[in-house]
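Overview (structure and organization)
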Amino acid sequence: MSHRVLVTDTLAESGLAILRTAEDVELVYSPGLKGEELLREVARSDALITRSGTAVTEALVRSGSRLRVVGRAGVGLDNVDVDACTARGILVINAPTANIMSATEHTMAMLLSLCRNIPEADASVKRGEWVRSKFMGTELNGKVLGIIGLGRIGTRVTVRARAFGMRVIAYDPYVADAVYERVSAEKVTLGQLLAQADIVTVHTPLTDETRGMIGPDEIAKTKEGVIFVNCARGGIYQEQPLAEALSSGRVGGAAIDVYEDEPPKNNPLLAAKNIVLSPHIGANTIEAQDRVAVQTSEMVVDALRGSIFVSAVNLPFEGVADADAAPLINLAEKLGLFTAQVINGAVTRTVVELWGVEERLTKIISVAALKGLLTPYLSTSVNFVNAEQIAEQREIAISSTTHPMPRDYNNLITFRASTEREEFCVSGTVFSEKNQRIVSVNNFRVEFKPEGHLIYAINKDVPGVVGKVGTLFGDREINIAEYNLARTSTTGKAMAIITVDSALDPETLNFLRSFREMEEVKQVKL
Ligand code: NAD
């Protein structure tokens, strides 16, 4: 059977070649297709490949009665209504890893440009000047580079910086020590990094935790004349304080590719001193574009042929997998996601144990659990294809076992994750075909739906705690949907899983943590 693939943006030749040579693909290459004609063509196609030129809206998706796959040849999904696609069983595929090397090299390029005044020197020579003394640079050799976020790009920047003779120190609470050792970066706290680094570069995603993580207080802890680099995401540095510190000379320089609002308007960094700026071009290389085209085309063809191991951001399952397995796979992902938000420290080992689950699902369920575990702290790119590889790069040992006979439940998935200090274990089941429940957390027996906003709390098992929590939430008009309480006779501790209608603000969360009886409080979103 031939699959009709419609491409509505220009795509690198290397990607088109894959579609042209696939025997079961009919390629319709119409870059720039718009309006009624676009809708008509989408209605006749099995897959649509776009870059950023075509808005994949709900209306467009609705017109695609045959549409099964949308391929976004790139990383961002701003122009794709993923929810609308999911609701109609359409798989959305992107190419999130194609630009890692380009972004790594751009970081080095920006840093070197700044240290050797390349932009000004270039402009000066072109003006006909010859003023060599004005452009006194600094060497990287012998300097201390502080890397925040030791993921795919952070590790690659480490390797390159060391080749330049730099000492690299790094802060990333979510990677195992073995990752630091592998790339010869010294593990430090954020405070130590700020105090010791000559140059600070961030390589984290933008999350609630990293938004604004470098502000006036952090700048105050750095060395006089420190340099800041951001080729990750705008908003990790607070722009106003950074601009002020640059202009006062407290910060010696900055190299910035990304901005809180893009394109930057009235951004204080535009007028700051000693700064090199670029317009979010970290990923813009011919090689990255080629890789994007190849990866997207390959994945779209694989998906049309029925593979589930594709670089999909959603998993609607229709057409690509056995729909009956969806709730189990999705439950596994939630067990991983729950663990990621509750466990303390970097995970070094995971084990998935299955009871009463078909053996053929072992691999996909294990990968789903890993995907859930890795997603909260990584850039938006963990998927069913790369989750195992990312785990390996992060030095996480993974294993799984299956037991054909069910135990207390018809089916049960147990996910164990270990750090250097603790093991965390969570189990869940699916009953009546699609009702998911988490049934135990560590040694606590519970029963709650893995969805929405949850508070995980461990407290001393003494009278009055539930009342205090209820009063606090009541006073602050926080609606409790469910209050699950579990106790173990041996430890004298109780665990509560409280489902609330909306996320708690940081102040309420801290208030809850301040209760004498509370030992641990974590907010979880599933
Ligand atoms: P990654 O997911 O592989 O690594 C991110 C790392 O940040 C992880 O190791 C994670 O543990 C760590 N981290 C998360 N929260 C942290 C925190 N609070 N403190 C310290 N570390 C934390 O991501 P990547 O592929 O290396 O990408 C890094 C960044 O670069 C992302 O923001 C990505 O979007 C961005 N990026 C930018 C461009 C560009 O055009 N400028 C291109 C590609 C990627």
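Let me begin by describing the structure that accompanies this report. Everything quoted here is computed from the prediction, not taken from an experiment.

1. Some remarks on helix H1 (residues 13-21)
Residues of H1 that are buried include every one of Gly15, Leu16 and Leu19, and no others. What you see down the axis of H1 is that its buried residues fit within an arc of 95 degrees, all on one side. Those residues of H1 hidden inside the fold are in contact with strand S1 (3-7), strand S2 (25-29), strand S3 (47-50) and helix H12 (286-304).

2. Overview of unusual backbone geometry
For the peptide bond that leads from Glu262 to Pro263, omega is -5 degrees, which places it in the cis range. For Pro263, the location among the structural elements is in the loop between strand S11 (251-256) and strand S12 (275-277). Even without being glycine, Asn266 reaches a positive phi, approximately 50 degrees. As for its placement among the helices and strands, Asn266 is situated in the loop between S11 and S12. Asn266 gets classed as exposed once you look at its relative accessible area, which sits at 79%.

3. Details of the pairing of strand S9 (residues 199-202)
Burial of the side chains of S9 extends over both faces: Ile199 and Thr201 are buried on one face and Val200 and Val202 on the other. Direction of pairing for strand S6 (residues 144-148) relative to S9: parallel, over a ladder of four bridges. By the bridge assignment for S9, Ile147 is matched with Thr201. Note that S9 and strand S10 (residues 226-230) share four bridges and pair parallel.

4. Let's talk about the packing of H1 against H12
In the contact formed by H1 and H12, the axes pass within 7 Å of each other and the chain directions differ by 20 degrees. Overall, the two elements H1 and H12 adopt an arrangement that is roughly parallel. Where H1 crosses over H12, the handedness of that crossing is right-handed. Contacts between H1 and H12 involve Ser14, Gly15, Ile18 and Leu19 from the first element and Asp290, Ala293, Val294, Ser297, Glu298 and Val301 from the second. Grouping the amino acids of the contact of H1 with H12 by side-chain chemistry returns five nonpolar, three polar and two charged.

Definitions and cut-offs
Residues numbered from 1 in each chain as written. Predicted model: local features only at pLDDT ≥ 70, side-chain atom pairs only at ≥ 80, totals over all residues. Heavy atoms only, no water. Buried < 20%, exposed > 50% of the residue type's maximum accessible area, 1.4 Å probe, protein only. Helix = DSSP H or I, 4+ residues; strand = E, 2+ residues; numbered from the N terminus. Arc of directions from axis to C-beta. Contact = heavy atoms within 4.5 Å. Pairing = 2+ DSSP bridges. Axes fitted to C-alpha atoms, helices over the stretch in contact; angles between N-to-C directions. Parallel < 35°, antiparallel > 145°, perpendicular 65-115°, else oblique. Left-handed = near helix turned anticlockwise from the far one by under 90°. Nonpolar A, V, L, I, M, F, W, Y, C, P; charged D, E, K, R; others polar.

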